[in-house]
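# Fold and contact review
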Amino acid sequence: MNTTMTEENLTMLTDFYELTMGNGYWLKGLSTKQTYFDIFFRSVPDGGGYAIAGGLSDIIRYVEALHFSDADIAYLRGKGIFDEGFLTYLRNFRFTGDIYAVPEGTPVFPYEPIVTVKAPAVQAQLMETFLLLCVNHQSSIATKANRIVRAAKGRPVMEFGSRRAQGISAAVIGARAAYIGGCVATACTLTDERYGVPAAGTMAHSWVQMFESEYDAFKAYTETYPNNAILLVDTYNTLRSGIPNAIRVFQEYLASGRTMANFGIRMDSGDLAYLTKKARRMLDEAGLQGAKIVVSNALDEYLINDLLQQGAVIDSFGVGERLITSSSSPVFGAVYKLAAVEGEDGKIIPKIKISENTAKITNPGFKKVYRFYDKKTGKALADEICLHDEVVTEALPHTIFDPKATWKQRTLTNFTVRELLVPIFRQGHLVYNQPTLEEIQRYCKAQTDTLWDEVKRYENPHLYNVDLSSKLWKLKHDMLDEEGKKL
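Residues numbered from 1 in each chain as written. Predicted model: local features only at pLDDT ≥ 70, side-chain atom pairs only at ≥ 80, totals over all residues. Heavy atoms only, no water.

### What about the overall build of the chain?
When its secondary structure is counted, the chain shows 16 helices and 21 strands. Along the first, second and third principal axes, the C-alpha set of the chain runs to 85 × 60 × 40 Å. A burial count over the chain gives 51% of its 487 residues as buried. Sequence separation of at least 24 residues holds for 73% of the intrachain contacts in the chain that already meet a minimum separation of 6. Of the roughly 22,200 Å² of accessible surface on the chain, a fraction of 51% belongs to carbon and sulfur atoms. (Helix = DSSP H or I, 4+ residues; strand = E, 2+ residues; numbered from the N terminus. Buried < 20%, exposed > 50% of the residue type's maximum accessible area, 1.4 Å probe, protein only. Contact = heavy atoms within 4.5 Å. Areas by Shrake-Rupley, 256 points an atom, 1.4 Å probe, with all protein chains shown as cover.)

### A few points about a nonpolar patch on the surface
On the surface, Phe16, Tyr75 and Ile81 cluster together to form a nonpolar patch covering roughly 280 Å² of accessible area. Looking at where Phe16 falls in the secondary structure, it is placed in helix α1 (residues 16-27). Taking the relative accessible area as the measure of exposure, Phe16 reaches 34% and is therefore partly exposed. (Patch = residues over 30% accessible without salt bridge, like charges linked within 9 Å, V, L, I, M, F, W, Y side chains within 5 Å. Salt bridge = Lys/Arg side-chain N within 4 Å of Asp/Glu carboxyl O.)

### With respect to the packing of aromatic side chains
One pass over the full model with this rule turns up 20 aromatic pairs. Each ring, one from Phe86 and one from Tyr89, has its centre 6.3 Å from the other, and the planes form 25°; the classification is stacked. Of this pair, Phe86 and Tyr89 both sit in helix α4 (residues 84-91), 3 residues apart, roughly one helical turn. Phe86 sits in the buried class, given a relative accessible area of 1%. Tyr89 gets classed as partly exposed once you look at its relative accessible area, which sits at 21%. The structure contains a cluster of three or more aromatic residues connected by ring pairs, namely Phe16, Trp26, Phe68, Phe82, Phe86, Tyr89 and Phe93. We note Arg248 situated over the ring of Tyr215; from NZ or CZ to the ring centre the distance is 3.6 Å. The ring of Tyr253 is capped by Arg258, whose NZ or CZ atom sits 3.8 Å from the centre of that ring. (Phe/Tyr/Trp six-rings, centres within 6.5 Å; stacked < 30°, edge-to-face > 60°. Lys NZ or Arg CZ within 6 Å of the ring centre and 35° of its normal.)

### Comments concerning the packing of helix α11 (residues 238-255) against helix α12 (residues 272-285)
Relative orientation of the contacting elements α11 and α12 amounts to 35°, with a least axis distance of 11 Å. α11 and α12 meet at a crossing whose hand is right-handed. Packed against α11, whose contacting residues are Thr238, Leu239, Ile243, Pro244 and Ile247, the element α12 presents Tyr274, Leu275, Lys278, Ala279, Met282 and Leu283 at the interface. The class makeup of the residues in the contact of α11 with α12 is 9 nonpolar, 1 polar and 1 charged. (Axes fitted to C-alpha atoms, helices over the stretch in contact; angles between N-to-C directions. Left-handed = near helix turned anticlockwise from the far one by under 90°. Nonpolar A, V, L, I, M, F, W, Y, C, P; charged D, E, K, R; others polar.)

### A few points about the sheet that holds strand β12 (residues 335-342)
Neighbouring strands of a sheet are bound in pairs by backbone hydrogen bonds; such pairs are parallel or else antiparallel. Strand order in the open sheet made by the 7 strands is β13-β12-β1-β5-β3-β19-β20, with antiparallel pairing throughout. One side of each edge strand has no neighbouring strand; the edge strands of this open sheet are β13 (348-350) and β20 (429-430). As paired elements, β12 and β13 share 3 bridges and run antiparallel to each other. Pairing of Ala340 across the sheet is with Pro350, part of β13. In this fold helix α6 (residues 128-151) packs onto β1 (34-40), β5 (115-120) and β12, with an angle of close to 130° to the strand it touches most, β12. (Pairing = 2+ DSSP bridges.)

### Considerations on the confidence of the model for the chain
On average, residues of the chain carry a pLDDT of 96, and 99% of them reach 70 or more. A low-confidence stretch, residues 1-6 stays under pLDDT 50, and its non-local contacts, those more than four residues away or across chains, total 16 contacts. (pLDDT = per-residue confidence, 0-100.)

### Observations concerning unusual backbone geometry
In this model, Asn414 sits at a positive phi of 50°, which is unusual for a non-glycine residue. One can find Asn414 in the loop between β17 (405-412) and β18 (415-419). Take Asn414: its relative accessible area is 47%, and that puts it in the partly exposed class. Positioned with a positive phi, Gln427 is a non-glycine residue whose angle comes to about 50°. Inspection of the secondary structure assignment puts Gln427 in the loop between β19 (422-426) and β20.

In structure tokens:
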């Protein structure tokens, strides 16, 4: 599998203020101050119960390649606002910090850190845009794909959205994220070449139109690709010509003593619930019980769910624009916030952002996230955000509580627990053993299976508990009280 991307220096893919702040940190003697930044999101797309983390693979490649070229330095010098000492620092720039992240494919929930960067101020600040770009886009697509795949109830889902994606990278990387979420294939050939996501596809309406008749088009395609003869039957009239011509071609081909490993029809328009039921009956009456029915046409999880509830007879789905753009909820909304700095003595000093919008108040400090699982069922019970030096042991009962309603408490027993954030970089060196894309997809499915069905509802899902430890809750409220006294 070839996973090498075109070599490109993306260091300058950063918001300009990150460079102006970096220059200011340099001039004010803060460039080497150790900082702790968290990436987290505040709400799940589409009102869902959980999201799927994505983007880590690109973050790793970006960090390993971070450097400023001579052309970058010349550009910055030309702006006329950057100190020469700062430009010299950038010329020799490399990342020397630590990064912790949840593995790609992990179900994640609002407000818990999914990436934490511990690094000198300039380094940590410079990375904000690119890290958010990766997490926001790929988590959005992986989450949408996971919803759509679950709606298909075991039927394969193929990602068909390249032509409607919002740019080249969105098409290529988006298809990879969709595969993590559970899609089995993509129409994007470049994603197959780079990442090994199986490319799939057969014909467009133009193939049918190129021939003298629909029958001739179907016959030519079947003879050319007998092991993947999926015929698009809605160019003219699905029931009166498309399906009858497909049946005729299949019967003639099989009657000649030849075999077809995979054959069937695809519909891209019309009342798919009605048409698939009629198509199945026509195929079966023709002795073609092995023929598959594939559908596409602006599908998403809601339409797929409706089709299956209406008794549509469908073997697999091709999902395009509403997946690759996550059109119903296109903004994932992850943010990058300072959580702590280190004093001269190395002591961690927590920082908090306060807002009149209480949803924007941050959780201070260098943190970790624990996930608790019921030993008997294997189901996820709750997550708890803790300070970095807190340790949870499975040997003792553990009480969690709702941070917004502290009287709502629950004592967990007979559980297993794991830390979600794992080390990715230490002192600038990659320490994470990257899994294959197939391993990430299997991990995503296995972890999604640990969630209760109530959490996975499309409408009004059960609220999964993400609690603060007592120590973190007290720290946060002490800081809020202290800030309140200053007003």
